[in-house]
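One-letter residues, chain by chain:
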Amino acid sequence: MENLARYIIRASFSQERMQYPDQEGEVVYTSKGSKGTKDFPALDWMAIICSHIPNKGQQMVRYYGF
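First things first, this report covers the structure right here in the doc. (Residues numbered from 1 in each chain as written. Predicted model: local features only at pLDDT ≥ 70, side-chain atom pairs only at ≥ 80, totals over all residues. Heavy atoms only, no water.)

### Describing the overall build of the protein chain
Item 1. Across its full length, the protein chain carries two helices and three strands.
Item 2. For the protein chain, the α and β elements follow one another from N to C terminus as α-β-β-β-α.
Item 3. Taking the contacts inside the protein chain whose residues are at least 6 apart along the sequence as the reference set, 22% of them involve residues at least 24 apart.
Item 4. Accessible surface computed for the protein chain: about 5900 Å², of which carbon and sulfur atoms make up 54%. (Helix = DSSP H or I, 4+ residues; strand = E, 2+ residues; numbered from the N terminus. Contact = heavy atoms within 4.5 Å. Areas by Shrake-Rupley, 256 points an atom, 1.4 Å probe, with all protein chains shown as cover.)

### Comments concerning the packing of aromatic side chains
Item 1. Applying the stated criterion across every chain, the model contains two aromatic pairs.
Item 2. Between Phe40 and Trp45 the ring centres are 5.3 Å apart and the planes differ by 50°, which places this aromatic pair in the tilted class.
Item 3. One aromatic cluster is present, formed by Tyr29, Phe40 and Trp45 through successive ring pairs. (Phe/Tyr/Trp six-rings, centres within 6.5 Å; stacked < 30°, edge-to-face > 60°.)

### Concerning the nonpolar core
Item 1. In this structure, Phe13, Val27, Tyr29, Phe40, Trp45 and Ile49 together form the largest nonpolar core, which totals six residues.
Item 2. Within the residue set of this core, elements represented by two or more residues are strand 2 (26-30) and helix 2 (42-50). (Core = buried A, V, L, I, M, F, W, Y, C linked by side-chain atoms within 4.5 Å. Buried < 20%, exposed > 50% of the residue type's maximum accessible area, 1.4 Å probe, protein only.)

### Let's talk about the sheet that holds strand 1 (residues 18-19)
Item 1. Read from one edge of the open sheet, three strands run 1-2-3, paired in antiparallel fashion. Sheet topology places strand 1 and strand 3 (37-41) at the edges, where each strand pairs with a single neighbour.
Item 2. In the sheet, strand 1 pairs with strand 2 via two bridges, with the strands oriented antiparallel. Counted as the bridge partner of Gln19 is Val28 from strand 2. (Pairing = 2+ DSSP bridges.)

### Quick look at the environment of Tyr29
Item 1. Mapped onto the elements of the fold, Tyr29 is located in strand 2.
Item 2. According to the relative accessible area criterion, Tyr29 is buried, its value standing at 17%.
Item 3. Sequence-wise, Tyr29 and Trp45 are 16 residues apart; in three dimensions their C-alpha atoms are separated by 9.7 Å.
Item 4. Apart from residues no more than four positions distant in its own chain, Tyr29 is found in contact with Phe13, Ser14, Arg17, Met18, Gly36, Thr37, Lys38, Phe40 and Trp45.

### Points about the side chain of Thr30
Item 1. Mapped onto the elements of the fold, Thr30 is located in strand 2.
Item 2. Residue Thr30 is classed as buried on the basis of its relative accessible area of 17%.
Item 3. Setting aside residues no more than four positions away along its own chain, Thr30 makes contact with Arg17, Gly36 and Thr37.

Structure (structure tokens):
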């Protein structure tokens, strides 16, 4: 739970591009530049997000560029 809380504080996705219509139970995510949208069932969305959380004691380091 603590790892999940840390991840949510500084998420790797934009919350402004995420919508959750309550009636449908789906998450609608708009890609960068409004090029398109993708619908996810709410539980699948949570599974996708949780798969990016590193294990306890593991650091997730990403390198970009040279």
